[in-house]
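# Notes for the structure review
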Amino acid sequence: MTGIVEISRSRFFEGQQIRFQHHSEVLNCDMTFGVFLPPQAETSEVPVLYWLSGLTCTDENFAIKAGAQRRASELGLAIVCPDTSPRGTDLPGEHDDWDFGSGAGFYLNATRAPWSNHYHMYDYVSKELPDLVEAQLPVTDLRSVSGHSMGGHGALMCALKDPDRYSSVSAFAPICHPSVTPWGIKAFSNYLGEDRNDWLDWDATQLVCSTEKQLPILIDQGTEDDFLGEELKPGSLEQACICTHHPLDVRMREGYDHGYNFISTYIDEHLNHHAEALGLI
């Protein structure tokens, strides 16, 4: 297994915020990821929350803006933040649009060239990166997953496609039904091809109908989110969950938008949700 190389480290609420780099075999490129290790990790292994960020983000956005480290330190919860796409690949058109390509991997496994040579973000965030983290850092194999926007879509997919790997799932303003939204259609048609049947395995609203194990889903959504109606569509996921009796709690937060002020306001509640499922409280 390829080792990790430390890039930076800083003390944070008695824990450590660290950035690592490694070569990803799955993505066929070098990748950077961030880790918050709480002080409890100095003496014992701790469980992990995997946070998946949204469009245009890197591994650093959540660590800098969300304000999660204080509560994670109190709980004894590690947080791992992968990047949002392969880097350094310079594929044709990869850097042309903010909502596709670089910074916009959509946490799926691309099947269409040239993206299929690198863009296997699902396998990276759900398998390769956790295996690496659990082998080389003081963490257990108890995992939860969360994310924002495109990353909320990724978190829901991870939990619905392989629920036995996770203890809990939550999301902020996730893209709930990407196969019918402009962001999703653009990404899926390029990464997966034009056959829309191939898109269904990467759409949370569709996956709810086929998952065998029902992990309860927690979602926070701002009412003043500019992307709510056209891109996010939590109502579609709600209807699918009603039809399949899948546990879902969508909390509409009055006056909040799509940004990190919204996330930082409610992040402690999400951390508590995951900590309870992980046996920390």
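Scroll up to find the structure.
A brief report on the enclosed structure follows. (Residues numbered from 1 in each chain as written. Predicted model: local features only at pLDDT ≥ 70, side-chain atom pairs only at ≥ 80, totals over all residues. Heavy atoms only, no water.)

Moving on: the overall build of the protein. Looking only at helices and strands, one finds 9 helices and 9 strands in the protein. The globule rule puts the C-alpha radius of gyration for 281 residues at 19 Å, and the 17 Å found for the protein is close to it. Along the longest, intermediate and shortest principal axes, the C-alpha atoms of the protein span 50 × 40 × 35 Å. Here the protein, with 281 residues, has 57% of them falling under the buried criterion. Here the contacts in the protein between residues at least 6 apart in sequence split such that 72% fall between residues at least 24 apart. (Helix = DSSP H or I, 4+ residues; strand = E, 2+ residues; numbered from the N terminus. Rg over C-alpha atoms; globule rule 2.2 N^0.38 Å. Buried < 20%, exposed > 50% of the residue type's maximum accessible area, 1.4 Å probe, protein only. Contact = heavy atoms within 4.5 Å.)

To continue, consider the side chain of threonine 32. Note on placement: threonine 32 falls in strand S3 (residues 29–37). The exposure class of threonine 32 is buried, given its relative accessible area of 14%. Setting aside anything within four residues of it in sequence, one finds threonine 32 in contact with Ile7, Arg19, Phe20, Gln21, Asp59, Pro82 and Asp83.

Looking now at the environment of alanine 171. Mapped onto the fold, alanine 171 is located in strand S7 (residues 169–172). Residue class for alanine 171 comes out buried when judged on its relative accessible area of 0%. Taking C-alpha positions, alanine 171 is 7.9 Å from glycine 151, a pair spaced 20 residues apart along the chain. Excluding its chain neighbours within four sequence positions, the residues that come into contact with alanine 171 are Ser146, Gly147, Gly152, Leu218, Ile219, Asp220 and His270.

Over its 12 residues, helix H4 (residues 150–161) extends 16 Å from the first C-alpha to the last, a length consistent with the 16 Å expected when each residue adds 1.5 Å. Burial within H4 is extensive, with 11 of its 12 residues counted as buried. Within H4, burial applies to Met150, Gly151, Gly152, His153, Gly154, Ala155, Leu156, Met157, Cys158, Ala159 and Leu160. (Expected span 1.5 Å × (residues − 1).)

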